[in-house]
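Topology and contacts: notes
If you want the building blocks of each chain, they are given just below.
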Amino acid sequence: MSNKVSRRTFLSYTLMGTGGFMASAMLMPMIRFAIDPVLANTGGSDMIPTPQKAADLTETPIRVDYTIKDRQDAWYTSDESNTAWVYKEGDKVIALSPVCKHLGCTVNWEGDVYKNEFFCPCHAGRYKKNGDNIPGSPPLGPLDEYEVEVIDGFVYLGGTIPNTLV
Amino acid sequence: MNWVPKDVDTYINQKDYIDTIVVPLLSIDTRPETMKNSASSSEFLMNLSMFIEKQFKGRMMFMPPVSYTQSTDLQQLADTLSEDLKKSSFAHTFYLTTDAKWTSVTVEGKVVWLPSIPLETMDDHLRQTIMEDQLRQVLTHFMEKWNVQ
């Protein structure tokens, strides 16, 4: 007798089942939306390959040109070419952004009479090798750094982060 | 700097540093037999302008290209441009062009003439190298003027 399901219990189970299903159909998306910011991809996973082999790097910064494929701009897609100054400090690969912190020109390694420095040709801005701006020259902050990863011997670069070496 | 509101705002705040205006002069030839050449040199000039802009963003303002068709009177155009650019507050004016006719035109500021190089058949790497070479060429003209004062 205890195994018998009465009409009343059967109906209430059915009702609870459908009700629960409908409630979860409403709640699940809400929960998913609520926790979405936590699950969002961080920029770090967006590493872009460069043609530079990590083994060929030395302590002297060299210019690495690479292409970001299919950058979506306002109304057209195009490949954007980008540049980084890359060198090795011990075993660590360091990539600096070539964009001058003054007004955004492109800096060069030993571009002027100053040895062992980055030089900005626009207004004679100077930076040390680790990107630190030299006081007395126009830039007000150190060069940005790229996130670096070495995958299969090649240097991969991510987004820019504030300089961590200075 | 480009001729966009955001960069113009920067220019207004940093007038002392951004003292150079560059005007790309773009020749458009409408005759069918020379159209391709005209398009090719226009591509070259625009690419080069963008490349130089990236390198010298903090000192140069790039105007949108001034385009003209083949029978335009260049001396007249040059006079108008010189007159109007006097009203701006840039200390140096450069005109960037692939059209050899500009070498015989008198104009306020300096005309930098470069022979056009067809880029359409080149891959990205070669383009980059060509652009760097060209940049080095024009750089001497810019430096010459900048170092005078």
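Residues numbered from 1 in each chain as written. Chains lettered and ligands numbered in written order. Predicted model: local features only at pLDDT ≥ 70, side-chain atom pairs only at ≥ 80, totals over all residues. Heavy atoms only, no water.

1. Notes on the interface of chain A and chain B
Every contact between the two is made by 13 residues of chain A and, on the other side, 15 residues of chain B. Interface area, chain A with chain B, both sides summed: about 1200 Å², of which 49% is carbon and sulfur. Put simply, chain A and chain B have one salt bridge between them. In this structure, glutamate 132 of chain B engages arginine 63 of chain A in a salt bridge whose closest nitrogen and oxygen atoms are separated by 3.4 Å. Our count for the chain A to chain B interface comes out at five residue pairs in polar contact (both at pLDDT 80 or more). (Contact = heavy atoms within 4.5 Å. Buried area = accessible area lost by both parts, 1.4 Å probe. Salt bridge = Lys/Arg side-chain N within 4 Å of Asp/Glu carboxyl O. Polar contact = N/O pair within 3.5 Å; in protein donor to acceptor, adjacent residues only side chain to side chain.)

2. Some thoughts on the environment of threonine 72 of chain B
Residues and elements named next belong to chain B. If you trace the backbone, threonine 72 turns up in the loop between β3 (66-69) and α3 (74-85). Its relative accessible area of 28% is what places threonine 72 among the partly exposed residues. In terms of polar contacts, threonine 72 uses its side chain to reach the backbone carbonyl oxygen of threonine 69, at 2.7 Å. (Helix = DSSP H or I, 4+ residues; strand = E, 2+ residues; numbered from the N terminus. Buried < 20%, exposed > 50% of the residue type's maximum accessible area, 1.4 Å probe, protein only.)

3. Structural notes on a nonpolar patch on the surface
Residue and element names in this part refer to chain A. Residues Met26, Leu27, Met30, Ile31, Ile35, Val38 and Leu39 make up a contiguous nonpolar surface patch of about 730 Å² in total accessible area. By secondary structure assignment, the location of isoleucine 35 is in helix α1 (residues 7-39). Here isoleucine 35 falls in the partly exposed class, since its relative accessible area comes to 39%. (Patch = residues over 30% accessible without salt bridge, like charges linked within 9 Å, V, L, I, M, F, W, Y side chains within 5 Å. Areas by Shrake-Rupley, 256 points an atom, 1.4 Å probe, with all protein chains shown as cover.)

4. Some words on the pattern of salt bridges
As enumerated under the stated definition, the model contains 14 salt bridges over all chains in all. When the shortest N-O distance is used, the salt bridge between aspartate 36 of chain A and arginine 32 of chain A registers 3.0 Å. Of this pair, aspartate 36 of chain A and arginine 32 of chain A both sit in helix α1, separated by four residues, roughly a single helical turn. When its relative accessible area of 41% is taken as the criterion, arginine 32 of chain A is described as partly exposed. For lysine 86 of chain B, the salt bridge goes to glutamate 83 of chain B, with nearest N and O atoms at 3.7 Å. We classify glutamate 83 of chain B as partly exposed; its relative accessible area is 43%.

5. Thoughts on the confidence of the model for chain B
Per-residue confidence for chain B gives a mean pLDDT of 90, with 99% of residues at or over 70. Mean pLDDT values over the elements of chain B span from 86, in helix α4 (residues 124-146) of chain B, up to 94, in β3 of chain B. (pLDDT = per-residue confidence, 0-100.)

6. Quick notes on the state of the cysteines
Residue and element names in this part refer to chain A. This model, assessed by the stated rule, comprises one disulfide over all chains. Disulfide pairing is shown between cysteine 105 and cysteine 122; the S-S distance is 2.2 Å. A torsion of -95° about the S-S bond marks the disulfide between cysteine 105 and cysteine 122 as left-handed. In this pair, cysteine 105 sits in the loop between β4 (92-96) and β5 (108-109) while cysteine 122 sits in the loop between β6 (118-120) and β7 (125-127), placing the two residues 17 residues apart along the sequence. (Disulfide = S-S within 2.5 Å.)

7. Observations concerning the pairing of strand β1 (residues 20-28) of chain B
Residues and elements named next belong to chain B. In terms of residue burial, β1 counts as a mostly covered element, since seven of its nine residues are buried. Of the strand pairs in this sheet, β1 and strand β2 (residues 60-62) are connected by three bridges, and their pairing is parallel. Bridge pairing in β2 places isoleucine 21 opposite methionine 61. As paired strands, β1 and strand β4 (residues 92-97) are joined by six bridges and run parallel to one another. By the bridge assignment for β4, threonine 20 is matched with histidine 92. Relative to β3, β1 runs parallel, the two being bridged by four bridges. (Pairing = 2+ DSSP bridges.)

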